Amino acid sequence: MDNKVINEYLDQWLRDAHAMEEQAETMLTSQAGRIENYPELKAKVEQHIRETQSQGQRIRTCLERRGSSTSGAKDMAAKFTAMMQGLSGTVMADEVLKGAMASYTFEHFEISAYRELAAAAELAGDAETKQVVDAILREEQAMADWLYEHLPQVTRQFLERSATEGSSAKR
Ligand SMILES: [Fe+2]
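Residues numbered from 1 in each chain as written. Predicted model: local features only at pLDDT ≥ 70, side-chain atom pairs only at ≥ 80, totals over all residues. Heavy atoms only, no water.

**Student:** What am I meant to see in the overall build of the protein here?
**Tutor:** Of the regular secondary structure elements, the protein holds 5 helices and 0 strands. For the protein, the sequential pattern of α-helices and β-strands runs α-α-α-α-α. In the protein, which comprises 171 residues, the proportion classed as buried is 44%. Counted over contacts in the protein with a minimum sequence separation of 6, partners at least 24 positions apart contribute 77%. For the protein, the accessible area works out to roughly 8900 Å², and carbon and sulfur atoms hold 53% of it. (Helix = DSSP H or I, 4+ residues; strand = E, 2+ residues; numbered from the N terminus. Buried < 20%, exposed > 50% of the residue type's maximum accessible area, 1.4 Å probe, protein only. Contact = heavy atoms within 4.5 Å. Areas by Shrake-Rupley, 256 points an atom, 1.4 Å probe, with all protein chains shown as cover.)

**Student:** I tried to follow the side chain of His48 on my own but got confused; where do I start?
**Tutor:** Here His48 shows up in helix H2 (residues 39-65). Once residues lying within four places of it in the same chain are set aside, the contact partners of His48 are Leu28, Gln55, Glu107, Glu110, Glu139, Glu140 and Met143.

**Student:** Looking at this structure, I do not really get the packing of aromatic side chains. What am I missing?
**Tutor:** Working definition: an aromatic ring pair is given by the centre-to-centre distance plus the angle between the planes. Evaluation of the coordinates by the stated rule reveals 3 aromatic pairs. Their ring planes at 35° and their centres at 6.4 Å tell us that Tyr104 and Tyr148 sit as a pair that is tilted. Taken together, the positions of Tyr104 in helix H4 (residues 95-124) and Tyr148 in helix H5 (residues 127-165) put the pair 44 residues apart, joining distant regions of the chain. Tyr104 sits in the partly exposed class, given a relative accessible area of 25%. (Phe/Tyr/Trp six-rings, centres within 6.5 Å; stacked < 30°, edge-to-face > 60°.)

**Student:** What is the right way to read the packing of helix H1 (residues 3-34) against H5 from this model?
**Tutor:** The description of two packed helices rests on the angle between their axes and on the distance between the axes. The contact between H1 and H5 brings their axes to 13 Å, and the two run at 35°. The hand of the H1/H5 crossing is left-handed. For the pair H1 and H5, contact is made by Leu10, Leu14 and Glu21 and by Thr129, Val133, Ile136 and Glu140, respectively. (Axes fitted to C-alpha atoms, helices over the stretch in contact; angles between N-to-C directions. Left-handed = near helix turned anticlockwise from the far one by under 90°.)

**Student:** It is not clear to me how the coordination of the iron ion should be interpreted in this structure. Could you clarify?
**Tutor:** Under perfect tetrahedral coordination by four donors, a metal shows angles of 109.5 degrees; under perfect octahedral coordination by six donors, it shows angles of 90 or 180 degrees. In the first shell of the iron ion, the protein supplies Glu21 (OE), Glu21 (OE), Gln55 (OE1), Glu110 (OE) and Glu140 (OE), at 1.9 to 2.6 Å from the metal. Each donor residue of the iron ion belongs to the same chain, and together they define the spacing E-x33-Q-x54-E-x29-E. Of this pair, Glu21 sits in helix H1 while Glu140 sits in helix H5, and the two are 119 residues apart along the sequence. Classification of Glu140 by relative accessible area gives buried; the value is 0%. (Donors = N, O, S within 2.8 Å, 3.2 Å for Na, K, Ca; no water.)

**Student:** Before we go on, may I ask you to explain the pattern of salt bridges in this structure?
**Tutor:** A side chain with one charge can pair with a side chain of the opposite charge if their charged atoms come near. Evaluation of the coordinates by the stated rule reveals 11 salt bridges. In this structure, the salt-bridge partner of Asp126 is Arg65, at a minimum N-O distance of 3.5 Å. With Asp126 in the loop between H4 and H5 and Arg65 in helix H2, this pair connects stretches of sequence that are 61 residues apart. Note that Asp94 and Lys98 form a salt bridge whose closest N and O atoms lie 2.6 Å from each other. (Salt bridge = Lys/Arg side-chain N within 4 Å of Asp/Glu carboxyl O.)

**Student:** Help me understand a nonpolar patch on the surface, please; the structure alone is not making it clear to me.
**Tutor:** On the surface, Val5, Tyr9 and Trp13 cluster together into a nonpolar patch covering about 260 Å² of accessible area. Here Tyr9 shows up in helix H1. (Patch = residues over 30% accessible without salt bridge, like charges linked within 9 Å, V, L, I, M, F, W, Y side chains within 5 Å.)

Keep in mind these values describe shape, not function.
Following this line, the structure appears as structure tokens:
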């Protein structure tokens, strides 16, 4: 087994993850900034923005410790974000729900990335990186779980507000 190849992939995927967290921060910040009438959702998204910033820093620390850098490799997350823009629904009447849907989807994109990173870090024998990506994975899973639990509630609030107040339900 060529350990050099494994470590090169691990570095590449850590750079991808760093770019992914930058995209996540951009997406979540624009989402949180537009939410007006869903305080619980807004607070949760804002909390995950802070978590996301910390995740980016922890990944950068892993790369530095490994003697690698965060430069380049924005492609994967950028392409994914372009795809998500169709879902983000900023011109849609049900914008808040499309945003929540996009977040739930993005969390699962992140979860799959960190599952792969955890396996790669383990194979490379990098216990510190393994620990970092496992911890981040739990945070992404917690955010996905929260969204899963709260999507029905946000949907009900949206529909009730649409029926009584009209367009203020949008965001
Ligand atoms: Fe994240």
